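The residues making up each chain are set out below.
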Amino acid sequence: MDSKNYTINIAHLYPKLLNIYGDWGNVLTIKKRCEWRNIDVNIDSIGIGDSIDIKKYDFYFLGGGQDQQQIAVSKELQKHKTSLQEARDENAVFLAICGGYQLLGHYYQPHNADRLEGISLLDVFTVAGDKRFIGNVTAACEFVEPNSLVGFENHSGLTYLKNETQPLAYVEVGNGNNGKDKTEGARYKNVFGTYLHGSFLPKNPHFADYLISLALHKRYKEKIELVELDDDLENCAHQSLVNKKY
Ligand code: GLN
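In this text the structure is predicted, and so the values were computed from the model without any measurement.

Attention now moves to the overall build of the protein. Along the backbone of the protein there are six helices and 12 strands. Against the 2.2 N^0.38 benchmark of 18 Å for 246 residues, the protein shows a C-alpha radius of gyration of 17 Å, consistent with a compact globule. Oriented by its inertia axes, the alpha-carbon framework of the protein measures out at about 55 × 40 × 30 Å. Taken over 246 residues, the protein has a buried fraction of 56%. Counting only contacts in the protein whose residues sit at least 6 apart along the sequence, the fraction spanning at least 24 positions is 71%. About 10700 Å² of surface is accessible on the protein, with carbon and sulfur atoms providing 50% of the total.

Here it is, written out as structure tokens:
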């Protein structure tokens, strides 16, 4: 693969508002895993009031955040709802974590507060639960090999999948979407939502590479094989969390 000719453009959405638990580490992981392969990466931080040129971007990232920050982002995202749905339908890759994930669904209904409208990239909805799910998660994901994903959850929102929305994974340890149906996260086309903080991608390098491949395919309309990296450290971090309860 002569990767010097390849580029990925990333839109990091509202990092000043949605970035708890160092979720921006996910963007850093995509950046480094591309640069280690001589793939150029351009990252634009998109703030409140900024325009989003969907013709430019291959990959969109949205981190997690508390209800207060979600209110501001929910309002702002409505301005871009149609164009981001168009980006989804053109196979752009989206990765959204926790609070960001909730806003890619139809809505998030907090306790004793107005409903936060999402942008319906995923056919899911979220309602506030009575307790907070906090702890490590191990889940089985059929899109990647090895098929385990690990991370840390901290949310009170309960997310429910509708119609053909696939779960990202099935919970083995932890709660995932709602602590009841054993699903974790959601996928539709190349839109991925997850409750896994940590950050998520540094400890799941195989999933990071899966997203990079999808973003390259979206841009270049061909399957591009990625050069193997030495992931001993990343895999050691992954294994240390597999089936870890506390
Ligand atoms: N406020 C949302 C919840 O508690 C999301 C929290 C988060 O992003 N960690 O469910």
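With that settled, consider the site of the ligand. Around the ligand, 16 residues are found, and the nearest of them are D67, Q70, C98, R132 and G157. A distance of 2.9 Å is found between a nitrogen atom of the ligand and a side-chain nitrogen or oxygen belonging to Q70. The greatest single-element share of the shell around the ligand, amounting to four residues, is contributed by strand β8 (residues 148-161). Partitioning the shell around the ligand into residue classes produces three nonpolar, 11 polar and two charged.

Proteins that are soluble and globular tend to have nonpolar side chains buried together. Core analysis: the biggest nonpolar cluster contains 65 residues, and F59, Y60, F207 and L211 have the highest contact counts within it. Sequence-distant contacts of Y60, defined by excluding residues within four places in its chain, comprise A11, L13, I52, I54, L84, A87, A92, V93, F94 and L95.

This structure, assessed with the given rule, holds 13 aromatic pairs. Relative to F192, the ring of F143 lies with its centre 6.4 Å away and its plane at 75 degrees, an arrangement referred to as edge-to-face. Taken as a pair, F143 in the loop between β7 (124-140) and β8 and F192 in strand β12 (residues 191-194) lie far apart in primary sequence, 49 residues in all. Considered together, F143 and F192 belong to a single accessibility category, that of buried residues. A centroid spacing of 5.5 Å and a plane angle of 50 degrees characterise the contact between F200 and F207, whose relative ring orientation is tilted. With respect to class, F200 is no different from F207; both count as buried.

With that settled, the discussion passes to unusual backbone geometry. Most peptide bonds take the trans form, and the phi angle of most residues other than glycine is negative. E145 connects to P146 through a cis peptide bond whose omega is -10 degrees. Locating P146 in the fold gives a position in the loop between β7 and β8. Put simply, G198 and S199 share a cis peptide bond, and its omega is 0 degrees. With respect to the helices and strands, the residue S199 is situated in the loop between β12 and α5 (205-220). If you check the backbone angles, C98 has positive phi at about 50 degrees while not being a glycine. With respect to the helices, strands and loops of the structure, C98 is situated in the loop between β4 (93-97) and α4 (99-103).

At their nearest, the axes of helix α1 (residues 25-35) and α5 sit 10 Å apart, and the two run at 75 degrees to each other. As the angle between them shows, α1 and α5 are arranged roughly perpendicular. Residues T29, I30, R33 and C34 of α1 form the contact with α5, whose participating residues are P205, A208, D209, L211 and I212. Residues belonging to the contact of α1 with α5 are distributed by class as follows: six nonpolar, one polar and two charged.

With two bridges connecting them, strand β5 (residues 107-109) and β7 associate as parallel partners. Bridging across to β7, Q109 finds its partner in V127. Bridge count between β7 and β8: 13 bridges; the pairing is antiparallel. By the bridge assignment for β8, A139 is matched with L149. Judged from the three bridges that link them, β7 and strand β9 (residues 169-173) form a sheet pairing that is antiparallel.

Quick look at the sheet that holds strand β11 (residues 186-188) now. Taken in spatial order, the six strands line up as β2-β1-β3-β4-β12-β11 in an open sheet, and their pairing is mixed. Edge positions in the sheet fall to β2 (40-46) and β11, since each of these pairs with one other strand and no more. Averaged over all pairs of adjacent strands, the angle between strand axes in this sheet comes to 15 degrees, irrespective of strand direction. Examined bridge by bridge, strand β1 (residues 7-13) and strand β3 (residues 59-62) share four bridges and lie parallel to one another.

Calculation criteria
- Residues numbered from 1 in each chain as written.
- Predicted model: local features only at pLDDT ≥ 70, side-chain atom pairs only at ≥ 80, totals over all residues.
- Heavy atoms only, no water.
- Helix = DSSP H or I, 4+ residues; strand = E, 2+ residues; numbered from the N terminus.
- Rg over C-alpha atoms; globule rule 2.2 N^0.38 Å.
- Buried < 20%, exposed > 50% of the residue type's maximum accessible area, 1.4 Å probe, protein only.
- Contact = heavy atoms within 4.5 Å.
- Areas by Shrake-Rupley, 256 points an atom, 1.4 Å probe, with all protein chains shown as cover.
- Near = heavy atom within 4 Å.
- Polar contact = N/O pair within 3.5 Å; in protein donor to acceptor, adjacent residues only side chain to side chain.
- Nonpolar A, V, L, I, M, F, W, Y, C, P; charged D, E, K, R; others polar.
- Core = buried A, V, L, I, M, F, W, Y, C linked by side-chain atoms within 4.5 Å.
- Phe/Tyr/Trp six-rings, centres within 6.5 Å; stacked < 30°, edge-to-face > 60°.
- Axes fitted to C-alpha atoms, helices over the stretch in contact; angles between N-to-C directions.
- Parallel < 35°, antiparallel > 145°, perpendicular 65-115°, else oblique.
- Pairing = 2+ DSSP bridges.

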